[in-house]
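Here is how the chains run, residue by residue.
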There are 2 protein chains.
Amino acid sequence: MMTTFSDEFFMKEAMKEAEKATNEDEVPVGAVIVSNNRIIARAHNMTECLSDVTAHAEMLAVTAAANFLGGKYLEGCTLYVTLEPCVMCAGALHHAHIERVVFAAEDTKRGFMRYGTGLLHPKTTISSGLMEKESNAILLSFFQKKRN
Amino acid sequence: MMTTFSDEFFMKEAMKEAEKATNEDEVPVGAVIVSNNRIIARAHNMTECLSDVTAHAEMLAVTAAANFLGGKYLEGCTLYVTLEPCVMCAGALHHAHIERVVFAAEDTKRGFMRYGTGLLHPKTTISSGLMEKESNAILLSFFQKKRN
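Now for a quick tour of the structure.

As for the pairing of strand β4 (residues 100-105) of chain B
Residues and elements named next belong to chain B.
Now for step 1: With five of six residues buried, β4 lies mostly within the body of the structure.
Now for step 2: The pairing of strand β3 (residues 77-83) with β4 spans five bridges and is parallel. Bridge assignment links Leu-83 to a residue of β4, and that residue is Ala-105.
Now for step 3: Viewed along the sheet, the connection from β3 through helix α3 (residues 87-95) into β4 turns out right-handed.
Now for step 4: By the bridge criterion, four bridges tie β4 to strand β5 (residues 125-128) in an arrangement that is parallel. Bridge pairing in β5 places Val-102 opposite Ser-127.

Below, the structure is given as structure tokens:
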């Protein structure tokens, strides 16, 4: 059963963001940031429409969450993201002192976990695999359409 | 002798950006991005005034350069930055396929070189140490004032 404040509930919200990215012809990755069981930021990958490699879902969400909180640190916050963060995003999450990172699908090529957990802040906890199949399906579908 | 288009000329411009950061009570790091001997982006650290951990000089410069060029890739461009980029910024520079990175002072605590050169794109070349003393002096002065 999915309760309102479960990890699954928030990951589903991140998946909705990934679907928005698909509709905008962006690589489908979505993210939400949660504080006290409330979504304070939501974003999807916008690298193509902004022509900006820094416009990953996680980066936009970190900036939006800090703006919402009025401070640059995201202590006590959880990031839910549909794909394993890359090195750039892991670096930003380290700077932000985020409390917890929950990601769905692994990114074996570009994911930060290639470097172990050391790219994140020592206090940050990590969970992975939730809704992995759904995230992989939306990514696979996107790249298959691109190839055809 | 410093010629107009030397590395030293462009690093001096990055230092001017670092000085602007000092005047705004930001950790003094400055950057410029050069394409065909022309500065197409200049930026300094703005993490405090924007309350945003992602607002490092390099990140702002990458976004500005892509905006100037009208495309997200910075092939053929050189980044001059007064301090060794962190992991987040190295990740962004990787995504941008930047041709060359020239940094002044080392950052032994947070610099990307702790992980070797693998965080940057395989085609990116790296130079360091130019104006290292000047950059370290401005950083030291900033943190000493902060402590007093």
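Digging into the environment of Met-46 of chain B
Now for step 1: By the element assignment, Met-46 of chain B lies in the loop between β2 (38-44) and α2 (57-69).
Now for step 2: A sequence separation of 14 residues divides Met-46 of chain B from Val-32 of chain B, and the C-alpha atoms of the two residues are 15 Å apart.

Considerations on the sheet that holds strand β1 (residues 30-35) of chain A
All names here are of chain A.
Now for step 1: Spatial ordering of the open sheet is given by β2-β1-β3-β4-β5, a layout of five strands whose pairing is mixed. Across the chains shown, the open sheet's two edge strands, defined by having one partner strand only, are β2 (38-44) and β5 (125-128). Geometrically, the sheet is characterised by an average inter-axis angle of 15° between neighbouring strands, direction not taken into account.
Now for step 2: Packing of helix α1 (residues 7-23) onto the sheet brings it into contact with β1, β2, β3 (77-83) and β4 (100-105), and relative to β2 it is tilted by some 30°.
Now for step 3: Contacts from helix α4 (residues 132-147) reach β3 and β4, with the element oriented near 60° to β4.

Cut-offs applied
Residues numbered from 1 in each chain as written. Chains lettered and ligands numbered in written order. Predicted model: local features only at pLDDT ≥ 70, side-chain atom pairs only at ≥ 80, totals over all residues. Heavy atoms only, no water. Buried < 20%, exposed > 50% of the residue type's maximum accessible area, 1.4 Å probe, protein only. Helix = DSSP H or I, 4+ residues; strand = E, 2+ residues; numbered from the N terminus. Pairing = 2+ DSSP bridges. Right-handed = clockwise from strand over helix to strand, strands pointing away. Axes fitted to C-alpha atoms, helices over the stretch in contact; angles between N-to-C directions. Contact = heavy atoms within 4.5 Å.

Without other data, these values stay purely geometric and don't point to any function.
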